[in-house]
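# An overview of the molecular structure
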Amino acid sequence: MSEKKSIIDKSSNYVTQFFEKNLPDWAVYHNLQHTIETVEGCLEIGKESNLKEGELEIVCIAAWFHDIGYISKVEGHEEKSVESSLKFLQSNGYPSNKINKVTNCILDTRIATIPKDLPGFVICDADLISLGRKDYFEKNDLLKLEIEMRTGKKINNEQWLRRSAKFLSSHNFYSEYSKINFGPQLKENIITLQKQIAEINIK
């Protein structure tokens, strides 16, 4: 057990230090806080979904690394994240069959990718857990601000709300635990977005 804890701890330390040294000012959403929340989500959803201990280790490592590539490459950042996890895990003597599972989990977090197994379900649900929480709007504002700061272009508020509503409406949680615990709030958030769009149009 201590060995398994150590590779997660090493992953945590490595990614934390990397973000502290390299995080650009514009990364107000894709940052260490989001990564930590994704790891915590993996632990919550994974345990409640009865993931085996070894699978839980894999999804937690994947969660630590899943957005590390975002700093250098936004589109296709998951592939950069895979490269970083590969170098790190190989240098720490992590078994190659487990490394493959970690990289598969990271690649499962790509938008429009449908995960095929429970570990994939868990990390995808954890990555977008805020969609089914009451703090969604706070997180969504941060994402909007991040894109504006990164691109140097302001986003029209109505366009952003419509884009957000479309994204939430197309989203499905995968694990049964997430469907039950985050699905209802996801629907509430969609309704709130639709009300906000209607209010803008009335004005």
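Residues numbered from 1 in each chain as written. Predicted model: local features only at pLDDT ≥ 70, side-chain atom pairs only at ≥ 80, totals over all residues. Heavy atoms only, no water.

## Structural notes on the packing of aromatic side chains
Given two aromatic rings, one states the distance between the centres and the angle between the planes to describe the pair. In the structure shown here, the tally under the stated rule is 9 aromatic pairs. Seen from their ring centres, F65 and F88 are 5.2 Å apart, and the 40° between their planes marks the pair as tilted. With F65 in helix α3 (residues 53-65) and F88 in helix α4 (residues 77-91), this residue pair connects regions lying 23 residues apart in the sequence. Both residues of the pair, F65 and F88, count as buried. An aromatic cluster is built from Y14, F65 and F88, whose rings are joined through pairwise contacts. (Phe/Tyr/Trp six-rings, centres within 6.5 Å; stacked < 30°, edge-to-face > 60°. Helix = DSSP H or I, 4+ residues; strand = E, 2+ residues; numbered from the N terminus. Buried < 20%, exposed > 50% of the residue type's maximum accessible area, 1.4 Å probe, protein only.)

## Examining the pattern of salt bridges
By the definition in use, this model includes 9 salt bridges. Of the charged contacts in the structure, one is a salt bridge between E57 and K98, with a shortest N-O distance of 3.9 Å. Of this pair, E57 sits in helix α3 while K98 is found in helix α5 (residues 96-108), placing the two residues 41 residues apart along the sequence. One salt bridge connects R162 with E158, and the closest N-O pair in it is separated by 3.0 Å. Of the two residues, R162 and E158 are both situated in helix α8 (residues 157-169); the distance of 4 residues between them amounts to about one turn of the helix. Among the charged side chains, a salt-bridge network with shared partners connects K144, E148 and K154. (Salt bridge = Lys/Arg side-chain N within 4 Å of Asp/Glu carboxyl O.)

## Here's the deal with the packing of α4 against α5
Running from N to C, α4 and α5 point in directions that differ by 160°, and their axes come no closer than 9 Å. Here α4 lies roughly antiparallel to α5, going by the angle between them. Where α4 crosses over α5, the handedness of that crossing is right-handed. In contact with E78, E79, S81, V82, S85, L86, L89 and Q90 of α4, α5 contributes I99, V102, T103, I106 and L107. (Axes fitted to C-alpha atoms, helices over the stretch in contact; angles between N-to-C directions. Parallel < 35°, antiparallel > 145°, perpendicular 65-115°, else oblique. Left-handed = near helix turned anticlockwise from the far one by under 90°. Contact = heavy atoms within 4.5 Å.)

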